[in-house]
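# Breakdown of the fold
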Amino acid sequence: MLDIRLIREQSDDVKSRLASRGSDLSAEVDAILACDAERRRSETELQQLQADRKRLSKEIGGLRAKGQDSSAIEAEVKSFGDRMDALNRAATELDEKQRTLLLNIPNLPSPTTPVGADAAANPVLREWGAKPALVRTEDHVAIGGRLGLFNFELAAKISGSGFVVYTGAGARLERSLINFLVDLHTIEHGYREILPPFVVRSESLVGTAQLPKFADQQYRCADDELYLAPTAEVPVTNLERDELKALSDLPIKYAAYTPCFRREAGSAGLGTRGLIRMHQFDKVELVKITTPEDSDAELETLTANAERVLQLLGLHYRVIELCTGDIGFGSQKTYDIEVWAPGQQAYLEVSSCSNFGDYQARRMNLRHKDAEGKNRFCHTLNGSGTALARLYVALLESGLQPDGSVLLPEPLHRYFGSDRIG
RNA sequence: GGAAGGGUGGCAGAGUGGUCGAAUGCGCACGCCUGGAAAGCGUGUGUGGGGAAACUCACCGCGGGUUCGAAUCCCGCCCCUUCCGCCA
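In this report, the structure presented in the accompanying data block is examined. (Residues numbered from 1 in each chain as written. Chains lettered and ligands numbered in written order. Predicted model: local features only at pLDDT ≥ 70, side-chain atom pairs only at ≥ 80, totals over all residues. Heavy atoms only, no water.)

### Overview of the packing of helix 7 (residues 169-188) against helix 12 (residues 388-398)
The interhelical angle for the contact between helix 7 and helix 12, taken along N-to-C directions, is 115°, at an axis separation of 11 Å. As the angle between them shows, helix 7 and helix 12 are arranged roughly perpendicular. Pair helix 7 / helix 12 crosses with right-handed handedness. Of helix 12, the residues touching helix 7 (which contributes Gly170, Leu173, Glu174, Leu177, Ile178 and Leu181) are Leu388, Leu391, Tyr392, Leu395 and Leu396. Taken together, the residues of the contact of helix 7 with helix 12 break down into nine nonpolar, one polar and one charged. (Axes fitted to C-alpha atoms, helices over the stretch in contact; angles between N-to-C directions. Helix = DSSP H or I, 4+ residues; strand = E, 2+ residues; numbered from the N terminus. Parallel < 35°, antiparallel > 145°, perpendicular 65-115°, else oblique. Left-handed = near helix turned anticlockwise from the far one by under 90°. Contact = heavy atoms within 4.5 Å. Nonpolar A, V, L, I, M, F, W, Y, C, P; charged D, E, K, R; others polar.)

Rendered as structure tokens:
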């Protein structure tokens, strides 16, 4: 949520920065400004009447205490009633309207975010490693089918399309990866491990900005008004909702494994590319709560922590920065990490590391005391460390041996219990 | 599913119709004390809206009602806790 004061005082700047995302939101901003002006007018008049009423009511109290007649003043106060009711109703309504409008405005891109229309304009910041020279190249779906690692047909039988069931060594590999990733981030990178509920209230989704705008992407349990979390970002960041942190509490660093549930409504090609896009996938997420001063630097280390995963696994990857036209709704700056998948001849996004500034913190009322004892909104960040399914794809396709088996990177051996599959 | 209790400031917790934005304690900040610290003592310390400011208004889970006046009384809703039932 943007600061209404910023919108009020620098509306042109806000409009142009929003426009850099690719769609003109001037009309929405103007609607907010109009609503804000009207709201304040109602509130000011209401407050004037409230002040009068308060003063007169005290006089009544005084008169009654002395046993004197107060009926004239009582009548006067009573005459405020209708006007105050109307103003109160208007103010409440306008307040709600304004909040709704604000919740639907995306975050302002950081001044450092490259300007561009779409993904084609995302600059590549760096590459690590090199594409492996393979004797044999095979798609992960073929590898997994041949080695019995997972099965889409079985998953469809029990859950429909867009799901997978991992089987045998395939299931063990997924479980090994979860442990490897959580251990890495908690033991080596100092994040605190969280295992949250996978089901969340709507307020939590509002807090991290999946709602109200992206309701159609969420799995919803209608009878209970609960949602399946689309990412651990939601339950984990919301752990700190409505909190007032001391400076010494920050930064907070959480790492959490969860499955992620996404309807992927309108996504082309769901279910046609194996493990790459599914309704449910596993992910280890990194979340940071920090100060405005530190958040830029924390994004760099967060990204480095995610990159470390691929470095340890010896997988070739590149880091790109999302441009203004491609950046997520709540983010002000985002780095994507893309791993090379030889069987796809493509880079796959395995991590998206974002600095949300105070955008989410405003929505969830997450504040901290600064050095002067003043309350300020925190900055929130998160990034995948990393998504499992695509990492799994890259591992199978990169580790493929001439004999059809898959050689695993050394750090996984002790988790998986073997150096290869098949 | 049934029953009961409860939602007040950073936290704990008083407060059943008017000077209550709210006792007290803890925490925190500053000061005194100390070689330094602890303890002790003193002072201060909620959030948000409007306003250039003085100041003013709102906020005791949320919404409505009663009343000249509501943290306090009434109604509805949300949430939490405990017990019973069912169940991993």
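Once you've had a look at it, read on.
### Some remarks on the packing of helix 7 against helix 10 (residues 295-312)
Interaxial distance between helix 7 and helix 10 falls to 11 Å at its minimum, and their mutual angle equals 125°. With respect to helix 10, the axis of helix 7 lies oblique. Regarding helix 7 and helix 10, the two cross each other, and that crossing is right-handed. In contact with Phe180, Leu181, Leu184, His185 and Glu188 of helix 7, helix 10 contributes Asn305, Ala306, Arg308, Val309 and Leu312.

### A few points about the protein's contact with RNA strand B
For RNA strand B, the set of nearby residues contains 21 residues, the closest of which are Glu43, Gln47, Arg64, Val77 and Arg201. Sugar and phosphate atoms constitute 78% of the interface atoms of RNA strand B, taking the interface as everything within 4 Å of the protein. Arg5 places a side-chain nitrogen or oxygen 2.8 Å from a phosphate oxygen of RNA strand B. Taking Arg201, its side chain carries an N or O atom lying 2.4 Å from a sugar or linking oxygen of RNA strand B. Where the surface near RNA strand B is concerned, the elements lending two or more residues are helix 1 (4-9), helix 3 (26-65) and helix 4 (71-103). For the surface near RNA strand B, the element with the highest residue contribution is helix 3, accounting for twelve residues. Residue composition of the surface near RNA strand B, by class: four nonpolar, five polar and twelve charged. (Near = heavy atom within 4 Å. Polar contact = N/O pair within 3.5 Å; in protein donor to acceptor, adjacent residues only side chain to side chain.)

### Regarding the layout of surface pockets
Taken as a whole, the largest pocket holds about 1,400 Å³ of empty space. Lining the largest pocket are 42 residues, and of these Arg262, Glu264, Gly328, Glu349 and Ser352 lie nearest its centre. Counting residues per element, the ones that place at least two in the lining of the largest pocket are strand 10 (280-290), strand 11 (317-321), strand 12 (333-341), strand 13 (346-355), strand 16 (379-387) and helix 12. Per-class residue counts for the lining of the largest pocket are 15 nonpolar, 15 polar and twelve charged. Here the second largest pocket defines a volume of roughly 240 Å³. (1 Å grid on protein atoms, 1.4 Å probe; cavity = no way out; pocket = protein on both sides within 12 Å on 5 of 7 lines; lining within 4 Å. Points joined across faces, edges and corners; volume = space filled by probe spheres on them.)

### Examining unusual backbone geometry
Looking along the chain, the bond that leaves Leu250 and enters Pro251 is cis, with omega of 0°. Mapped onto the fold, Pro251 is located in the loop between strand 8 (244-245) and strand 9 (252-261). Going from Gly385 to Thr386, the amide bond is cis rather than trans, its omega being 5°. On the secondary structure map, Thr386 appears in strand 16. Phi at Glu225 is positive, roughly 55°, even though this residue is not glycine. Its location among the elements puts Glu225 in the loop between strand 6 (220-221) and strand 7 (226-228). The class for Glu225 is partly exposed, based on a relative accessible area of 33%. You will see that Asp242, though not glycine, has its phi angle at about 60°, which is positive. Inspection of the secondary structure puts Asp242 in the loop between helix 9 (233-237) and strand 8. (Buried < 20%, exposed > 50% of the residue type's maximum accessible area, 1.4 Å probe, protein only.)

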